[in-house]
Amino acid sequence: MNNSYIFKSPIGLLKIEEEDSKIIGLSLQQKETNLVQSQKFTQHSDLLYEAYHQLNEYFLEKRKRFELPINCKGTMFQQAVWKALQNIPYGETRSYEDIALAVHNPKAARAIGQANNKNPILIIVPCHRVIHKNGDITGFGCGTKIKKYLLDLEKRNKEAIAQ
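Conventions and cut-offs
Residues numbered from 1 in each chain as written. Predicted model: local features only at pLDDT ≥ 70, side-chain atom pairs only at ≥ 80, totals over all residues. Heavy atoms only, no water. Axes fitted to C-alpha atoms, helices over the stretch in contact; angles between N-to-C directions. Helix = DSSP H or I, 4+ residues; strand = E, 2+ residues; numbered from the N terminus. Parallel < 35°, antiparallel > 145°, perpendicular 65-115°, else oblique. Contact = heavy atoms within 4.5 Å. Nonpolar A, V, L, I, M, F, W, Y, C, P; charged D, E, K, R; others polar. 1 Å grid on protein atoms, 1.4 Å probe; cavity = no way out; pocket = protein on both sides within 12 Å on 5 of 7 lines; lining within 4 Å. Points joined across faces, edges and corners; volume = space filled by probe spheres on them. Buried < 20%, exposed > 50% of the residue type's maximum accessible area, 1.4 Å probe, protein only. Pairing = 2+ DSSP bridges. Core = buried A, V, L, I, M, F, W, Y, C linked by side-chain atoms within 4.5 Å. Phe/Tyr/Trp six-rings, centres within 6.5 Å; stacked < 30°, edge-to-face > 60°.

Participant: What exactly am I supposed to notice about the packing of helix α3 (residues 76-85) against helix α5 (residues 109-117) here?
Facilitator: Packed helix pairs are characterised by how far apart their axes lie and by the angle those axes make with each other. Relative to each other, α3 and α5 sit at 85°, their axes nearing to 9 Å. Put simply, α3 runs roughly perpendicular to α5. Where α3 abuts α5, its residues F77, Q78, V81, W82 and L85 lie against A111, I112, A115 and N116. Its residues placed into classes, the contact of α3 with α5 shows seven nonpolar, two polar and no charged.

Participant: How should I be thinking about empty space enclosed by the protein in this particular structure?
Facilitator: Where empty space is left in the structure can be found by rolling a water-sized probe over the atoms. Per the counting criterion, the structure on display carries one cavity of 30 Å³ or more. Roughly 40 Å³ of volume is contained in the largest cavity. Looking at the largest cavity, the residues that line it are I11, L14, L28, L122, I123, F140, C142, I146 and L150. Partitioned by chemical class, the residues of the lining of the largest cavity number nine nonpolar, no polar and no charged.

Participant: Which parts of the structure should I look at to understand the pairing of strand β3 (residues 22-28)?
Facilitator: Within a regular beta strand, the side chains point alternately toward one face of the sheet and then the other, so they alternate between its two faces. With respect to burial, β3 is a largely interior element, five of its seven residues being buried. Connecting strand β2 (residues 12-19) to the next strand, β3, in antiparallel fashion are two residues, including D20 with a positive phi near 50°.

Participant: Just to check I follow, could you spell out the nonpolar core for this structure?
Facilitator: Here is a general trend for soluble globular proteins: nonpolar side chains tend to be buried in one another's company. Residues L85 and I123 are the most contacted members of the largest nonpolar core, which totals 40 residues. Contributions of two or more residues to this core are made by β1 (2-9), β2, β3, α2 (46-59), α3, α4 (96-102), α5 and α6 (144-162). Looking at this core element by element, the count peaks at six residues for α2. Setting aside its immediate chain neighbours within four residues, I123 contacts I11, L14, L26, L55, Y58, F59, F66, H128 and L150.

Participant: Sorry, what's going on with the packing of aromatic side chains here?
Facilitator: Centre distance and the angle of the planes are the two values used to describe a pair of aromatic rings. Scanning the model with the defined rule gives seven aromatic pairs in all. Seen from their ring centres, Y58 and F59 are 5.4 Å apart, and the 75° between their planes marks the pair as edge-to-face. The class for Y58 is buried, based on a relative accessible area of 0%. The exposure class assigned to F59 is buried, which follows from its relative accessible area of 8%. Where Y58 meets F66, the ring centres are 5.6 Å apart and the plane angle is 40°; that geometry is what we call tilted. Each member of the pair, Y58 as well as F66, carries the same accessibility label: buried. By the ring-pair criterion, three or more aromatic residues cluster together here, those being Y5, F7, Y49 and Y52.

Set out below in structure tokens:
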């Protein structure tokens, strides 16, 4: 059984989805009406509440690592990419080429971008931490404004901790 919860965040409405006691989706929603539908038609499990709580901590700069069971559904290649993304430290970035090397497919930088675009669990599987080799932050499904917001949030928090 799938459960979901939609809530307001600093980047817009986020929808958390759960199946078989694992998070299977975290996505940015485009329509405000989804919030009412979510509250009316879905059940909210302990796992959804915990995911919501951890995401709020992340946005308040109190959490750097998520401790949630996840299940990213995709091809073997996509799953390898998404696993590599989870190894990018908080507040740091990697290039598409770096991820291609991490998945032992050095010529797959373009395919890495496509796998990032299909990432079903935003933020928790941090595809926003992948940038172009030259530092360009384009290529984020939710838009570069949101990608920059997430990168700046992490950078600011990492710098505050270092002081």
